[in-house]
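Chain residues, written in single-letter form:
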Amino acid sequence: QCEKCPISEQCLGRQRGIAATLPKKRPKPIKPVRYGVAYFARRDDGAVLLETRPQSGLLGGMLALPTTEWSETAVDEAPPVKADWATLPEPVKHTFTHFHLLLTLRVANPPTGHPPDRGGFMNVDETTPGTLPTVMRKAFVAASTALDANGA
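Residues numbered from 1 in each chain as written. Predicted model: local features only at pLDDT ≥ 70, side-chain atom pairs only at ≥ 80, totals over all residues. Heavy atoms only, no water.

Colleague: Help me out: how do you make sense of helix α2 (residues 134–149) in this one?
Modeller: Along an α-helix, residues three or four positions apart point the same way, because every turn accommodates 3.6 residues. The end-to-end C-alpha separation of α2 is 22 Å, in line with the 22 Å expected for 16 residues at 1.5 Å each. Contact partners of the buried residues in α2: β1 (33–41), β2 (48–52), β3 (63–64), β5 (92–95) and β6 (100–108). (Helix = DSSP H or I, 4+ residues; strand = E, 2+ residues; numbered from the N terminus. Expected span 1.5 Å × (residues − 1). Contact = heavy atoms within 4.5 Å.)

Spelled out as structure tokens, the structure:
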């Protein structure tokens, strides 16, 4: 609408003949990918291992599955409880504002007598996937579905 614009005489876009294409959106920056491992442990009594995330950082103070740090290279560390862990073939994918996250899921049915190194077992009645942050809800549903499919 150059004919209505009060500064059209000084407009470089009009002078260059590109006013109709302005403003141009800048291309979105490429988001880096971070990797981590989420551990889903469910005992025979149905209790699931959860922990409260540190107050600072992403998902600060929220209830979550135990995870490794999220970094730009694949990370592995000791699981939070002794068990026979299996790795699911597909990672959980989630996008945050500044990065994509790929969480490898490890699942297990630890015996009732093994206390976890961190977090605590909670009855599903006390918490449901709906109370978890979205990325943890995705991991919870994928892992519990995989365990249910295997009859565990």
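Picking up where we left off.
Colleague: Explain the side chain of Thr-67 here, please?
Modeller: Relative to the helices and strands, Thr-67 resides in the loop between β3 and β4 (86–87). For Thr-67, a relative accessible area of 8% translates into the label buried. (Buried < 20%, exposed > 50% of the residue type's maximum accessible area, 1.4 Å probe, protein only.)

Colleague: Where do I start with the sheet that holds β3 in this structure?
Modeller: Strands belonging to one sheet form pairs held by backbone hydrogen bonds; the direction of such a pair is parallel or antiparallel. If you trace the three strands from one edge of the open sheet to the other, you get β3-β2-β7, paired in antiparallel fashion. Two strands bound the open sheet, and with one partner strand each, they are β3 and β7 (120–122). Here two bridges tie β2 to β3, and the two strands are oriented antiparallel to one another. Bridge pairing in β3 links Thr-52 to Leu-63. (Pairing = 2+ DSSP bridges.)

Colleague: How should I be thinking about the packing of aromatic side chains in this particular structure?
Modeller: The way to describe two aromatic rings as a pair is by their centre distance and the angle between their planes. Going through the model one piece at a time under the given rule, you end up with five aromatic pairs. Where Phe-40 meets Phe-140, the ring centres are 5.2 Å apart and the plane angle is 90°; that geometry is what we call edge-to-face. Of this pair, Phe-40 sits in strand β1 while Phe-140 sits in helix α2; the two residues are 100 residues apart in sequence, bridging distant segments of the chain. Phe-140 carries the same exposure label as Phe-40, and that label is buried. An aromatic cluster of at least three residues, connected via ring pairs, comprises Trp-70, Phe-96 and Phe-99. If you follow Arg-43 out to its NZ or CZ, it ends over the ring of Phe-121, 4.5 Å from the centre. (Phe/Tyr/Trp six-rings, centres within 6.5 Å; stacked < 30°, edge-to-face > 60°. Lys NZ or Arg CZ within 6 Å of the ring centre and 35° of its normal.)

Colleague: Got a minute to help me understand the nonpolar core in this structure?
Modeller: Considering soluble globular proteins, one finds that nonpolar side chains tend to be buried as a cluster. By size, the foremost hydrophobic cluster in this structure holds 24 residues, and its most contacted members are Phe-40, Leu-65, Trp-70, Leu-103 and Met-136. For this core, the elements supplying multiple residues, two or more each, are β1, β2, β6 and α2. Contacts of Met-136, omitting those with residues within four sequence positions, involve Leu-59, Ala-64, Leu-65, Thr-67, Trp-70 and Leu-103. Of all hydrophobic cores here, the second largest spans nine residues; its members include Ala-47, Val-81, Ala-108 and Phe-121. (Core = buried A, V, L, I, M, F, W, Y, C linked by side-chain atoms within 4.5 Å.)

Colleague: How should unusual backbone geometry be read in this particular structure?
Modeller: Trans is the common state for peptide bonds, and a negative phi is the common state for residues other than glycine. Cis geometry is found at the peptide bond from Leu-22 to Pro-23, where omega equals -5°. Mapped onto the fold, Pro-23 is located in the loop between α1 (12–15) and β1. Phi at Leu-59 is positive, roughly 60°, even though this residue is not glycine. Its location among the elements puts Leu-59 in the loop between β2 and β3. Take Leu-59: its relative accessible area is 15%, and that puts it in the buried class.

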